[in-house]
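If you want the building blocks of each chain, they are given just below.
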Amino acid sequence: MVDRIGKSFVVVGAICVVGGCAEPAAAGRNVEVYASEDQRPACDTAHDLDVAFVESTRELTLCVNGAWALVGRAAAPTGATGATGATGATGATGATGATGATGATGATGATGATGATGASTRVVITDEPAGANCAAGGYKVQFYVDANGNRTLDSAENASVQTSYVCNGS
């Protein structure tokens, strides 16, 4: 135990450090005050059981067996944990970034199978004599789908025939 009188200290009881106590041998000794650890003398046989207070670290030390030992001190009780604060509001959404570069063109796909041959459209133009369709004569134009592909207007294809007339002037 150390009694502080002004700026000087005096050991009035046993001083305990980790591993044991400096029993009455340290009692009655003055506590030397040093501004920093590098100003404190080396702990050797000449300073055995000397007590030193280092102001920069606020530590009380005892020279024991060639080394300065920190004098034990009781740990202060830990205070209660404070309440957790409320979660803050969500920030505003940032601006939309720039559009990225266009990606590379993909590989060309395989060629599909050839489809079946479709029907052809045919046109037949014949002379049209003067009469009810053309007063001075002209041409009869017939359009039809050649369903069987023989390039001839067959009776089965007559239902698809569309007829127009191109008439001569009078």
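You'll find the structure just up there.
Please read these numbers as outputs of a predicted model, since none were measured by experiment.

Participant: Report on the pattern of salt bridges, specifying residues and quantitative values.
Facilitator: The full count for this structure, using the stated rule, is 1 salt bridge. Put simply, Glu37 and Arg40 hold a salt bridge, and the shortest N to O gap is 4.0 Å. For Glu37, a relative accessible area of 40% gives the class partly exposed.

Participant: Go over the state of the cysteines with me, naming the residues and quoting the values.
Facilitator: With the rule as written, the count across this model stands at 2 disulfides. Residue Cys43 pairs covalently with Cys63 via a disulfide, S to S 1.8 Å. Residues Cys43 and Cys63 share a disulfide whose torsion about the S-S bond is about 95°; that sign makes it right-handed. Here the residue Cys43 occupies a position in the loop between β5 (30–34) and β6 (51–54), and Cys63 occupies one in strand β7 (residues 59–64), the gap between them amounting to 20 residues. Comparing Cys43 with Cys63, the two get one shared label, buried. Between the sulfur atoms of Cys134 and its disulfide mate Cys167 the distance is 2.0 Å. For the disulfide bridge between Cys134 and Cys167, the dihedral angle about the S-S bond is near -70°, and by the sign convention the bridge is left-handed. With a gap of 33 residues between them, Cys134 in the loop between β9 (120–128) and β10 (138–146) and Cys167 in strand β11 (residues 162–167) connect regions that are remote in the sequence. Taking the relative accessible area as the measure of exposure, Cys167 reaches 39% and is therefore partly exposed.

Participant: Could you give an account of the nonpolar core, naming the residues involved and the relevant values?
Facilitator: Val31, Val51, Phe53, Leu60, Leu62 and Val71 form the largest nonpolar core, which has 6 residues in total. In terms of nonpolar packing, the next biggest core, distinct from the first, is built from 5 residues, Tyr34, Cys43, Ala52 and Trp68 among them.

Participant: Help me get a handle on unusual backbone geometry, residues and values and all.
Facilitator: A positive phi angle, near 60°, is found at Arg58, a position not held by glycine. With respect to the helices and strands, Arg58 occurs in the loop between β6 and β7. Residue classification places Arg58 among the exposed residues on the basis of a relative accessible area of 57%. The phi torsion at Arg151 lies on the positive side, around 65°, for a residue other than glycine. Overall, Arg151 belongs to the exposed group, its relative accessible area being 62%.

Each value, and the rule that gives it
Here the residue numbering is sequential within each chain, running from 1 through the sequence in written order. Only residues with pLDDT of at least 70 are given local features in this predicted model, and only at 80 or more are side-chain atom pairs given and counted; all residues enter the totals for whole chains, interfaces and linings. Side-chain measures here rest on the full set of heavy atoms in the structure, leaving out hydrogens and waters. Throughout this description, the term salt bridge denotes a Lys or Arg side-chain nitrogen within 4 Å of a carboxyl oxygen of Asp or Glu. Partly exposed residues are those whose accessible area sits between 20% and 50% of the maximum for their type, while under 20% is buried and over 50% is exposed, using a 1.4 Å probe and protein chains only. Two cysteine sulfur atoms make up a disulfide if the distance between them is within 2.5 Å. The numbering of helices and of strands both runs from the N terminus, where a helix is a DSSP run of H or I of at least 4 residues and a strand a run of E of at least 2. For this analysis, a nonpolar core means a set of buried residues of the types Ala, Val, Leu, Ile, Met, Phe, Trp, Tyr and Cys, connected via side-chain atoms within 4.5 Å.

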